[in-house]
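# Examination of the molecular architecture
What follows is each chain in one-letter form.
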Amino acid sequence: MVRAVPGISRRMLTLTLRSLERDGLISRTVYATVPPKVEYRATDMAVELHSSLTALTQWAERHRELIADSREAYDREHSKPAAADTDY
């Protein structure tokens, strides 16, 4: 059974899965059935990466307002007055 992934072609999905397999993030098992069946599984390394990215995302969400406030303060402190239009 082929499952559709909205917005991605079969070729791009195949290339992405091969790349993830090459990087060791997924394992691929092919079953000699008719039609052929293929299963993908996240490796331990991928599970660890997911945990790290989840922690990073949570950190960013917790500090979103502080980051925005810091950016605004920096921009106020470092902004230059707009240059006057000059006719040449």
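Described below are features of the structure shown in this document. (Residues numbered from 1 in each chain as written. Predicted model: local features only at pLDDT ≥ 70, side-chain atom pairs only at ≥ 80, totals over all residues. Heavy atoms only, no water.)

## Focus: the overall build of the protein chain
On a plain count of helices and strands, the protein chain comes out with 2 helices and 2 strands. Tracing the protein chain from N to C terminus, the helices and strands come up as α-β-β-α. With 88 residues in all, the protein chain has 6% of them scored as buried. Relative to all contacts within the protein chain whose residues are 6 or more apart in sequence, the contacts with residues 24 or more apart total 3%. By element, 56% of the accessible surface of the protein chain is carried by carbon and sulfur atoms, the whole surface being about 8,500 Å². (Helix = DSSP H or I, 4+ residues; strand = E, 2+ residues; numbered from the N terminus. Buried < 20%, exposed > 50% of the residue type's maximum accessible area, 1.4 Å probe, protein only. Contact = heavy atoms within 4.5 Å. Areas by Shrake-Rupley, 256 points an atom, 1.4 Å probe, with all protein chains shown as cover.)

## Digging into a nonpolar patch on the surface
Side chains of V5, I8, M12, L13 and L15 sit close together on the surface and give an oily, nonpolar patch of about 360 Å² of accessible area. Here M12 is to be found in helix α1 (residues 10–22). Residue M12 is classed as partly exposed on the basis of its relative accessible area, which comes to 44%. (Patch = residues over 30% accessible without salt bridge, like charges linked within 9 Å, V, L, I, M, F, W, Y side chains within 5 Å. Salt bridge = Lys/Arg side-chain N within 4 Å of Asp/Glu carboxyl O.)

## Regarding the pairing of strand β2 (residues 37–42)
With 6 bridges joining them, strand β1 (residues 26–31) and β2 adopt antiparallel strand pairing. Looking at the pairing, V30 lines up with V38 of β2. (Pairing = 2+ DSSP bridges.)

So, to be careful, I would describe these as geometric facts and stop short of saying anything about function.
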